[in-house]
Amino acid sequence: MKRHQILSQPMWKHFLHIEDVFDLPLPALMAADQVWKQAIAHGAEQPTACDYAQWAQISHPAAPHLWLSHLCAAFEVILPSELNNIAAAAALLPKPALEPAPVTEDQSVDWAPCHYKPDARSRKVSVHPWELPYVWQEVLRRAAHGFPGKKTAAPAPDILHRMCEKLCQFTWSAREAGFEPAISEDIVTQYLTDLEGRLRQRPHGIRWATMRATVEELHRFARYSGLVSDEDTKYLSKRLTRYSLYEKGQDALKFQALLDTGNTTLGLLEKADALLLRARFEASPTRRYLLRNAGAVLGLFSIVPLRNADARLTFGETLVWEADTWVIDTAIKKTRSRNTDHLVVPLEPEFARYIDAVVQGDHDARHLPELRTLAVQRHEPLIKRNEGKYTSPTYIPRLFKTFAGTSFTTTRTMLHTDQAIQRGETGTRDAMVMAQQTSPETAKKYQAKRVRQVAVQRVQAAASDRREALMPDDLIRQIRALTDQQDSRNADL
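As the structure is a computational prediction, the values presented were derived from the model and not from experiment.

Criteria and thresholds
Residues numbered from 1 in each chain as written. Predicted model: local features only at pLDDT ≥ 70, side-chain atom pairs only at ≥ 80, totals over all residues. Heavy atoms only, no water. Helix = DSSP H or I, 4+ residues; strand = E, 2+ residues; numbered from the N terminus. Buried < 20%, exposed > 50% of the residue type's maximum accessible area, 1.4 Å probe, protein only. pLDDT = per-residue confidence, 0-100. Contact = heavy atoms within 4.5 Å. Core = buried A, V, L, I, M, F, W, Y, C linked by side-chain atoms within 4.5 Å. Phe/Tyr/Trp six-rings, centres within 6.5 Å; stacked < 30°, edge-to-face > 60°. Lys NZ or Arg CZ within 6 Å of the ring centre and 35° of its normal.

**Some thoughts on unusual backbone geometry**
- Residues other than glycine seldom take positive phi values, yet Ala323 does so here, at roughly 50 degrees.
- Positionally, Ala323 belongs in the loop between strand E1 (319–322) and strand E2 (325–334).
- Unlike most non-glycine residues, Asp324 shows phi in positive territory, near 60 degrees.
- By the element assignment, Asp324 lies in the loop between E1 and E2.
- Of the residues examined, Asp324 reaches a relative accessible area of 68% and is grouped as exposed.

Okay, structure coming up:
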């Protein structure tokens, strides 16, 4: 549109008496003209900073800050009283991305597992991969390129990396004992004895899952490489079976972590609501942004417990707006291999509002529909930093642990526990769908955990009944009164 066409419109007749209006740059005139049209369309008699920010994103999605600068140039001449609102609007705009999103695609072919790194840190109970026996290095390089082994296919990149690290520990243990590294019964026994000894010194003692995973990687390497005798491979298989049985009888640390914190699905949702409420009254914009992110992470992933690799949801790709709600539609990446099945979860309004809280930010609620559209068009991640930086893969798990008190990996356990307690086997099956689990062994594991919980509760209840039967009535009343007083004090905290 040309200058004379803009100034000839009815809304400009109030400013034609200002001489400098005819000297305004054309982009400034166009920005101001768009403001009049947006105000008429939205019925905004007195636009706010939120309105200006929203109109900037609609009028110039690629560079809303530039559009506001043009508008500022026009208002310096025709409406100086609105300059404060424009400055406030600029603060509401999302910051431009300062770095590209992290690459998450598999790069197994380019990965050199035994490549020398001059800046590598020293290791205490392990050697570096380039210090492994040369023949082992060659096997690992073949596996990194996806070549099949003697008795099995090449492992996935993450599994290969874990296998390499276990071989590095095994090599250190063998050399410390005066042996040349070789997977034989004597040296494997020496290595596992050393590992058990180190684990016993940890706060939680021996975790049989760690021992099982260690032997599993040695066994995998033996089958892939073909460098281990059949007798020693059978020995590894026996140790693997033994540790697997031990693991089944030991609750994972994530169960204990949930018991220590008392977290439940409903409890986390209440925390999420409290965080969003705090964000409304927080004076610092940076703090408001952080609290909204934390509220969304706790509220969303407590009912859709994605794995760390899948939690980085992106608008327009894995998070879309359909049928008046947010829909999670993502392929599940486990050990960095793509699953052909997609997890598709249309969120109920009660849970979609956690995403809306992030989308809306500091803007007025009446602009939420337009902000949703802009979010989908930009293809930006749901959770990112206030400064416009993309987050690292560990940001969401760290945010969850900070505000929930437990690691991000406990979300599936928490959902399973709550559903099993409330709804039994049906609850376990529903939780498996949300947790992207298909193995019947998974259902058995969580049901076994539920059976143990019920048994403990029954024993505790029976013991409590026996104690009450032996106590005088007045003593029981005094104990209950003390319990009620303690509960009242705790409620005030």
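**Quick word on the confidence of the model for the chain**
- Mean pLDDT over the chain stands at 77; residues scoring 70 or higher make up 73%.
- With pLDDT under 50 throughout, residues 99–110 is counted as low confidence; its partners more than four residues away or in other chains account for 14 contacts.
- Of the regions scoring below 50 in pLDDT, residues 253–261 engages in 19 contacts with residues more than four places distant in sequence or in other chains.

**Observations concerning helix H16 (residues 395–404)**
- Within H16, seven of the ten residues are buried, which leaves the element mostly enclosed by the surrounding structure.
- Buried within H16 are the following residues: Tyr395, Ile396, Pro397, Leu399, Phe400, Phe403 and Ala404.

**Considerations on the nonpolar core**
- Ranked by size, the top nonpolar core spans 43 residues in total, and within it Leu298, Phe301, Leu347 and Ile355 carry the most contacts.
- At the level of secondary structure, the elements contributing two or more residues to this core comprise helix H12 (265–281), helix H13 (285–301), E2, strand E3 (337–346), helix H14 (349–360), helix H15 (368–378) and H16.
- Per-element tally for this core: the top contributor is H13, with seven residues.
- Leaving out residues up to four positions away in the same chain, Leu298 has contacts with Leu268, Lys271, Ala272, Leu275, Phe400, Phe403 and Ala404.

**Side note on the packing of aromatic side chains**
- Applying the stated rule across the entire model yields ten aromatic pairs.
- An angle of 65 degrees between the planes, with centres 5.5 Å apart, marks the rings of Trp136 and Phe221 as edge-to-face. Taken together, the positions of Trp136 in helix H6 (residues 134–144) and Phe221 in helix H9 (residues 208–225) put the pair 85 residues apart, joining distant regions of the chain.
- Between Phe170 and Tyr191, the aromatic rings sit 5.5 Å apart at their centres with planes inclined by 85 degrees, giving edge-to-face as the arrangement. Taken together, the residues span a long stretch of sequence, with Phe170 in helix H7 (residues 157–176) and Tyr191 in helix H8 (residues 185–200) at a distance of 21 residues.
- When its relative accessible area of 0% is taken as the criterion, Phe170 is described as buried.
- Residue Tyr191 is classed as buried on the basis of its relative accessible area, which comes to 0%.
- The structure contains a cluster of three or more aromatic residues connected by ring pairs, namely Trp36, Tyr52, Trp55 and Phe75.
- The lysine or arginine in question, Arg353, covers the ring of Tyr354, its NZ or CZ lying 4.7 Å from the ring centre.
- The cationic tip of Arg372 hangs over the ring face of Trp321; the distance from NZ or CZ to the ring centre is 4.0 Å.

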